[in-house]
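Descriptive structure summary
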Amino acid sequence: MFVELINLAIMISGRGSNMKAILESIKRGNVAGIGNVLVISNKQDALGLEIAENEYGVKTTTLLSNKNDKPFESRLINELKKDNIGPHNGLICLAGFMKILSPSFVELYKHRIMNVHPSLLPSFKGLHAQKQALLAGVKVTGCTVHFVDNGVDTGPIILQHPVRVYDNDDELSLSERILLKEHEIYIKAIKLFTQKQLLVVENRVIQI
Ligand code: GAR
């Protein structure tokens, strides 16, 4: 039976631990149905670039952001095209990618761009979500993988995982525990996507 492969772009800005978890599970054969893989960074010194190239032999490209978003996104589309990561066969995973994508780009890849965020959305959007959780005094926080829409850390939620907040937690200890769960749910979400098990109905993601 012919099954069309999904070509994957992982977009990073920093250390790339989510990217590494995804690449590792593809390498181990735990995520089937992936064809080309490209890692894109908007920061030249992103640690994840070295990991992708040296540890996984994955192609990388750096697209520096500038004040004018138009050139960034047209360059991005060009790079995606080169690796055949298109709006009908591609998946774009934002993994600590700290730049907002334009509404036209999000529309072009509608329900094909995922993001991971270190809170149970819609709580604690934006930067330092773990610190926000500590400051709010919540007893449970967690992480979310969602499809990207035009907001910041908004869009149909695919998977979430709760994480207990302990009395002696600080930002680092809490972030570390959440990160382990981020890796787990991101890989699960990608599997569900490649197996065509995700259906978006209005703002909800239904597993079929
Ligand atoms: C992760 O905790 C991710 O959830 C967060 O950045 C970190 C990147 O770590 N993303 C956001 O806060 C998006 N709003 P990583 O580079 O090790 O994957």
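Refer to the structure above for everything that follows.
This text gives an overview of the structure that appears in the document. (Residues numbered from 1 in each chain as written. Predicted model: local features only at pLDDT ≥ 70, side-chain atom pairs only at ≥ 80, totals over all residues. Heavy atoms only, no water.)

Attention shifts here to the overall build of the protein. Helices and strands together make up the secondary structure of the protein, namely six helices and nine strands. Against the compact-globule benchmark of 17 Å for 208 residues, the protein has a radius of gyration of 17 Å, which places it among compact chains. For the C-alpha atoms alone, the extent of the protein along its principal axes is close to 50 × 40 × 35 Å. Here the analysis covers contacts within the protein between residues at least 6 apart in sequence; of these, 63% occur between residues at least 24 apart. (Helix = DSSP H or I, 4+ residues; strand = E, 2+ residues; numbered from the N terminus. Rg over C-alpha atoms; globule rule 2.2 N^0.38 Å. Contact = heavy atoms within 4.5 Å.)

Looking only at helix H5 (residues 129-136), the buried set comprises Ala129, Gln130 and Ala133. Along the axis of H5, the buried positions cluster into a sector of 105 degrees, meaning they face one direction only. Of the surrounding elements, those touching the buried residues of H5 are strand S5 (113-117), strand S6 (140-147) and helix H6 (171-194). A positive backbone phi angle near 75 degrees is found at Gly137, which sits one or two residues after H5. (Buried < 20%, exposed > 50% of the residue type's maximum accessible area, 1.4 Å probe, protein only. Arc of directions from axis to C-beta.)

All told, the structure shown has three aromatic pairs when counted by the stated rule. The ring of Phe72 carries Lys99 above its face, with NZ or CZ at 4.8 Å from the centroid. (Phe/Tyr/Trp six-rings, centres within 6.5 Å; stacked < 30°, edge-to-face > 60°. Lys NZ or Arg CZ within 6 Å of the ring centre and 35° of its normal.)

Another point: the site of the ligand. Close to the ligand lie Arg15, Gly16, Ser17, Asn18, Gly96, Met98, Val116, His117, Pro118, Asp153, Leu179 and Glu182. Take Asn18: an N or O atom from its side chain is 2.9 Å from an oxygen atom of the ligand. One of the side-chain N or O atoms of Glu182 is found 2.7 Å from an oxygen atom in the ligand. Within the complex, the protein chains bury 89% of what would otherwise be the 440 Å² of accessible surface of the ligand. Of all the secondary structure elements, the ones that give two or more residues to the shell around the ligand are helix H1 (17-27), S5 and H6. (Near = heavy atom within 4 Å. Polar contact = N/O pair within 3.5 Å; in protein donor to acceptor, adjacent residues only side chain to side chain. Areas by Shrake-Rupley, 256 points an atom, 1.4 Å probe, with all protein chains shown as cover.)

Take the pattern of salt bridges next. Enumeration according to the criterion identifies six salt bridges in this entry. For Lys59, the salt bridge goes to Asp83, with nearest N and O atoms at 2.8 Å. You can see Lys59 sitting in strand S3 (residues 59-62) and its partner Asp83 sitting in the loop between helix H3 (69-82) and strand S4 (90-94), a full 24 residues away along the chain. Since its relative accessible area comes to 11%, Asp83 is described here as buried. The shortest N-O distance in the salt bridge between Lys82 and Glu79 comes to 3.0 Å. Of this pair, Lys82 and Glu79 both sit in helix H3, separated by three residues, roughly a single helical turn. Under the relative-accessibility criterion, Lys82 is labelled exposed at 59%. (Salt bridge = Lys/Arg side-chain N within 4 Å of Asp/Glu carboxyl O.)

On to the pairing of S3, then. In the sheet, strand S2 (residues 34-41) pairs with S3 via four bridges, with the strands oriented parallel. Across the sheet, the residue bridging to Ile40 is Thr61, located in S3. (Pairing = 2+ DSSP bridges.)

With that out of the way, let us pick up the nonpolar core. If you look at the biggest cluster of nonpolar residues, it comprises 41 residues, and the most contacted ones within it are Ile10, Leu23, Val39, Met114, Ile158, Tyr186 and Ile190. With nine residues, H6 is the single largest residue contributor to this core. Among all residues touching Tyr186, those that are not within four sequence positions of it are Asn18, Ile22, Cys93, Leu94, Ala95, Met114, Asn115, Val116 and Val145. (Core = buried A, V, L, I, M, F, W, Y, C linked by side-chain atoms within 4.5 Å.)

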